[in-house]
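Spelled out, the chains give:
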Amino acid sequence: MRSIDLSKNRLHGSLPSWIGVNVSSLFLLNLGSNNFKGIIPRHWCNLPLLQVLDLSNNNLWGEVPSCLYNCTLKYVLTMDLSRNKLSGEIPNDITKLIHLFTLNLSRNDLVGTIPQNIGDMKQLEKLDLSYNHLSGRIPTSLASLNFLTHLNMSFNHFSGQIPTSNELQTLDDPSIYQGNPSLCGSPLQTKCSNDESMNRNPISTSDDDDNNNDNGSEMLGFYIGMSFGFPIGINILFFTIYTNESRRRFYIRFIDAVSLNILEKIGFLAIWLKRMRWRRSL
């Protein structure tokens, strides 16, 4: 079984604990818009191929499982836990889902602060934390999310200056931050004091410049090594394969299996994208 989509029904009771035990090869798991209640089972962290997780619009409570990132569940692309009754803090380990491009935790009862290293989630395109009880300053690392196209921080208890960057300046709708009376800075009309502005603007140091130079040298060495190593490695690979019939057959079967797996993932992702477009058109 590769996908389960039972969304928009009248299913109720606890979330099935056999998922992640008897079924572990899911790419898509969508139980959104039902009447499920209770906690998210920890067994669900044992889904090594999961890419889409949608449990939105149910009656789930408890904390967001900290095990959502472990040695297996790390390639998920979309996670929607919105419109539930989840409580507690956002686990720091959620920022290790570096392939995630949609994270929706809106309309829950979450408290605490946003993880400081949220900027590690470089692929994020959509982040919705609205209508919770989150507080503190919005981390400056948020400004490093270069692909962010949708952001909603409204109706929480955030304070201080809103981080600035070229990317965040394109998200200039004040409604993104409304309902946070202690926030200041663009795009809000509330101006920040001088102390807040100085604290939020990082100052470049000579150590930073040295680190940048070291990184540049390392990258140059990497590309030079690749330019010599890649063609040599390819030649060795093909010589090893095509001089032995059994190895050649094994290689062809391996390529077929990998190709089939990739095509299946593309198919499930295409179905999910069509579903998302259909929902947005409603």
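Shown above is the structure to which this text applies.
Residues numbered from 1 in each chain as written. Predicted model: local features only at pLDDT ≥ 70, side-chain atom pairs only at ≥ 80, totals over all residues. Heavy atoms only, no water.

**Quick notes on the overall build of the protein chain**
Next, step 1: Counting secondary structure elements, the protein chain contains three helices and 15 strands.
Next, step 2: The proportion of buried residues among the 282 residues of the protein chain is 39%.
Next, step 3: Long-range contacts, defined as pairs at least 24 residues apart, comprise 56% of the intrachain contacts of the protein chain with a sequence gap of at least 6.
Next, step 4: When the accessible surface of the protein chain is split by element, carbon and sulfur atoms take 55% of a total near 16400 Å². (Helix = DSSP H or I, 4+ residues; strand = E, 2+ residues; numbered from the N terminus. Buried < 20%, exposed > 50% of the residue type's maximum accessible area, 1.4 Å probe, protein only. Contact = heavy atoms within 4.5 Å. Areas by Shrake-Rupley, 256 points an atom, 1.4 Å probe, with all protein chains shown as cover.)

**Overview of the sheet that holds strand 7 (residues 78–80)**
Next, step 1: The seven strands lie next to each other as 1-3-5-7-9-11-13, forming an open sheet whose pairing is parallel. The open sheet terminates on both sides in strands that have one partner only, identified here as strand 1 (3–5) and strand 13 (150–152). Strand-to-strand, the axes of this sheet are offset by a mean angle of 10°, without reference to chain direction.
Next, step 2: Of the pairings in the sheet, the one linking strand 11 (residues 126–128) to strand 13 comprises three bridges and is parallel in character. When the sheet's bridge partners are listed, Leu127 is paired in strand 13 with Leu151. (Pairing = 2+ DSSP bridges. Axes fitted to C-alpha atoms, helices over the stretch in contact; angles between N-to-C directions.)

**Observations concerning the packing of aromatic side chains**
Next, step 1: This structure, assessed with the given rule, holds one aromatic pair.
Next, step 2: A centroid spacing of 4.7 Å and a plane angle of 20° characterise the contact between Tyr131 and Phe155, whose relative ring orientation is stacked. In this pair, Tyr131 is assigned in the loop between strand 11 and strand 12 (133–137) and Phe155 in the loop between strand 13 and strand 14 (157–161), connecting sequence segments 24 residues apart.
Next, step 3: On the accessibility criterion, Phe155 (34% relative accessible area) is partly exposed.
Next, step 4: Above the ring of Tyr131, the side-chain terminus of Arg107 is found at 4.0 Å from the ring centroid. (Phe/Tyr/Trp six-rings, centres within 6.5 Å; stacked < 30°, edge-to-face > 60°. Lys NZ or Arg CZ within 6 Å of the ring centre and 35° of its normal.)

**Brief notes about empty space enclosed by the protein**
Next, step 1: Within the structure shown, the criterion is met by two cavities of 30 Å³ or more.
Next, step 2: Volume-wise, the largest cavity comes out at about 40 Å³.
Next, step 3: Grouping the amino acids of the lining of the largest cavity by side-chain chemistry returns 10 nonpolar, one polar and no charged. (1 Å grid on protein atoms, 1.4 Å probe; cavity = no way out; pocket = protein on both sides within 12 Å on 5 of 7 lines; lining within 4 Å. Points joined across faces, edges and corners; volume = space filled by probe spheres on them. Nonpolar A, V, L, I, M, F, W, Y, C, P; charged D, E, K, R; others polar.)

**Side note on the sheet that holds strand 10 (residues 109–112)**
Next, step 1: Pairing within the open sheet is parallel, and its eight strands lie in the order 2-4-6-8-10-12-14-15. The two strands at the open ends of the sheet, each matched to only one other strand, are strand 2 (12–14) and strand 15 (182–184). Averaged over all pairs of adjacent strands, the angle between their axes in this sheet comes to 20°, without regard to strand direction.

**As for the nonpolar core**
Next, step 1: Leu29, Met79, Leu127 and Leu151 are the most contacted members of the largest nonpolar core, which has 52 residues in total.
Next, step 2: Those residues within four positions of Met79 in sequence are excluded, and the remaining contacts are Leu53, Leu68, Ile94, Leu97, Leu100, Thr102, Leu103 and Asn104. (Core = buried A, V, L, I, M, F, W, Y, C linked by side-chain atoms within 4.5 Å.)

**Quick word on the pairing of strand 14**
Next, step 1: Of the pairings in the sheet, the one linking strand 12 to strand 14 comprises three bridges and is parallel in character. Its bridge partner being in strand 14, Gly136 is matched across the sheet by Phe158.
Next, step 2: As judged from the three bridges shared by strand 14 and strand 15, these two strands associate in the parallel manner. In the sheet register, Gln161 faces strand 15, and the bridge partner there is Cys184.

**What to know about the pattern of salt bridges**
Next, step 1: By the definition in use, this model includes one salt bridge.
Next, step 2: A salt bridge links Asp93 to Lys96; its shortest N-O distance comes to 3.3 Å.
Next, step 3: The class of Asp93 is partly exposed, set by a relative accessible area of 29%. (Salt bridge = Lys/Arg side-chain N within 4 Å of Asp/Glu carboxyl O.)

**A closer look at the state of the cysteines**
Next, step 1: Considering all chains together, one arrives at two disulfides under this definition.
Next, step 2: One disulfide in the model links Cys45 with Cys67; its S-S distance is 2.0 Å. Taking the torsion about the S-S bond as the criterion, the Cys45 to Cys67 disulfide, at about 65°, is right-handed. Of the two residues, Cys45 sits in the loop between strand 4 (35–38) and strand 5 (52–54) while Cys67 sits in the loop between strand 6 (59–63) and strand 7, which places them 22 residues apart along the sequence.
Next, step 3: With a relative accessible area of 2%, Cys45 lands in the buried category.
Next, step 4: Exposure remark for Cys67: the relative accessible area of 10% places this residue in the buried category.
Next, step 5: One disulfide bridge connects Cys184 with Cys192, the sulfur atoms lying 2.0 Å from each other. (Disulfide = S-S within 2.5 Å.)

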